[in-house]
Each structure stands twice: as C-alpha cells, then as structure tokens.
Amino acid sequence: MNNSAVFSVFVTCFLLLSGCSQLATDSKSSAKPSTRILKVGISTNSPPMAFRSKGEIVGLEAELARGLADFSGKQLKFIPLKWQDQIPSLLTGKTDIIMSAMTMTRARQYRIDFCKPYMATGQISLVHRSQANKFSNGLASLLNQTVKVGTVKGTTGDLLIEKNKAKGKRHQFISSRKAVQSLLDHDIDAFVYDLPGNLYYGSIYAEKGLVPILQPMTREQIAWAVRKEDTRLLQTANNFLATCQQNGSLKKMIEHWVPFYKNLYNR
C-alpha cells in the first residue's frame, strides 16, 4: 500500500466526534464557578493549532476556543502557558480548560478529564523533496544510525524517536520553528512532529523543497481537558463539539487551518 493510500485511510478516521449529544443538564458541578470568564490554557508555539500572528493568538484551537466561549455565554480569556505548566495550572484553577492540541493518554486521565476527542492525529516526518523516496517507509526509514532526526524536546515525536532510535543521532530543539530551520539548513535529514504541524510547515515551505511524508507513525487522539469535578464545563464542551459536527463548521475549520486536508477529504 503506498503512502497516499495509507494516508487516505487514516484521514477517514480524522473526525472522531460522537453523534448527537444531549443538551447540558441543570445539575450543578461541584466546582465553584467564580466568574463568567472562560479561562483557556493555551501554548502558542504549535502552528497551525495555536500560535501568535501580529500579536494575536490564532490557530485551530484559538478559533474553537472563541466558539466555545460564545456557545457557553462567557467572556474568553486566553492564559498563555508553557506546555509543562498546562495541567498544573488547570488543577490549581488558574485555567478552566486546556485547549492546546493535547493528546489523550492514560497517564493524564488519572489527573484530568478529557472531553470527547475531536481530531485523530499522529507523528509524521518532514523532509527535503529530493529525499522523499528515502524516507517513504515511515519510522523504519529513520532508524538508520546515519540519519539525523530532529524533534521538539518533550513531545510525542521526541519520545517516539528516543524509544526507537536509541543508538542513532537525535537532535532535540526547543521549538518546531527552530527544528524546521535546521532542516532547511541541511543540519538534520528529517523532522518528526505531529501531523497538523508538519502539514502546515510542508505547505509554508513547499517552495523551499520541504514535503511531509504522508504515513503516520503513531495513532493519537486530541481533546480538551477539564478538572474532574467540572462536569458542567465538560458537558458544555461536548455539546459544542456535537453542534460543530452537525453543522459542518468543525470540518471547515480543520480544512482552513490544516493545509492539504480539503483535497484529502474529497478523495
């Protein structure tokens, strides 16, 4: 099966929202709502999901956060955070919800509750077009010790390469932008990152010869997170997602922010 066929199968599972949800109940959450402000924890270093442009926080997650605030009748307040501070800030009440392309994991589910997943994703590599055939086999192509692989420290892609390429050369970066620049400078051979991010960079730097390898090396689900006691916000967020699915706005937002998906959906 070629890369295009594999990826086509993958994106058919891209929207994982459930069917119609019931309207939020009137049952009170054990969490004590203090204001009519929705405090959204967001890390603005992962385009196209969340990043800054001309001083404004934009991206797929930012647009969804604005929609959720409007849906719930609250005033939106972004709380920009480093990634490692997201869960601690949620648990202490600094934020109400994490909307920052967080992957659902069992370890995290012990501490927080996830809303229903709204996106399937995975790790893919970004390479130079001239070397695309060399890396067409996905993860197996990266395991050669001579291949210089770049990752963003602490991400799922970083852990994937650490686990599978223990003896090979791995270059860790503090941001995806720095990793992509290193790829452009030919200091690394491939950059492993989440699917939306590398599709975004593949679109931005297509004229400079970068292309994503359309063969996911992992399967992950992205969802928002709330405190375990905040059942009201959990239900509201799930109702909002169901509404976006039903009226088609979620699909439109994904296609707008994640390049290449519109054509993939229409295959």
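With respect to the packing of helix H9 (residues 231–247) against helix H10 (residues 249–257)
Here is step 1: Two numbers describe how H9 lies on H10: the axes approach to 5 Å, and their chain directions differ by 85°. It follows that H9 is roughly perpendicular to H10 by the angle criterion. Of the residues in H10, those touching H9 at Cys-244, Gln-245 and Asn-247 are Ser-249, Leu-250 and Met-253.
Here is step 2: Considered class by class, the residues forming the contact of H9 with H10 number three nonpolar, three polar and no charged.

Details of the sheet that holds strand S11 (residues 170–173)
Here is step 1: As summarised here, the arrangement of the five strands in space is S11-S10-S12-S9-S13, forming an open sheet in which the pairing is mixed. The two strands at the open ends of the sheet, each matched to only one other strand, are S11 and strand S13 (210–212). Neighbour to neighbour, the strand axes of the sheet diverge by 30° on average, direction disregarded.
Here is step 2: Sheet topology note: the strand S10 (residues 149–152)/S11 ladder contains four bridges and is parallel. Across the sheet, residue Val-149 finds its bridge partner in S11, namely Arg-170.
Here is step 3: Contacting strand S9 (123–128), S10, S11 and strand S12 (190–194), helix H6 (residues 156–164) crosses the sheet at an angle of about 140° to S10.

Quick look at the pattern of salt bridges
For side chains bearing opposite charge, pairing can occur when the charged atoms are close.
Here is step 1: Under the criterion given, the structure shown has six salt bridges.
Here is step 2: The closest approach of N and O atoms between Asp-158 and Arg-170, which form a salt bridge, is 2.7 Å. Here Asp-158 is found in helix H6, whereas its partner Arg-170 is found in strand S11, with twelve residues between them in sequence.
Here is step 3: Judged by its relative accessible area of 26%, Arg-170 falls in the partly exposed class.

What counts, and at which threshold
- Residues numbered from 1 in each chain as written.
- Predicted model: local features only at pLDDT ≥ 70, side-chain atom pairs only at ≥ 80, totals over all residues.
- Heavy atoms only, no water.
- Axes fitted to C-alpha atoms, helices over the stretch in contact; angles between N-to-C directions.
- Helix = DSSP H or I, 4+ residues; strand = E, 2+ residues; numbered from the N terminus.
- Parallel < 35°, antiparallel > 145°, perpendicular 65-115°, else oblique.
- Contact = heavy atoms within 4.5 Å.
- Nonpolar A, V, L, I, M, F, W, Y, C, P; charged D, E, K, R; others polar.
- Pairing = 2+ DSSP bridges.
- Salt bridge = Lys/Arg side-chain N within 4 Å of Asp/Glu carboxyl O.
- Buried < 20%, exposed > 50% of the residue type's maximum accessible area, 1.4 Å probe, protein only.

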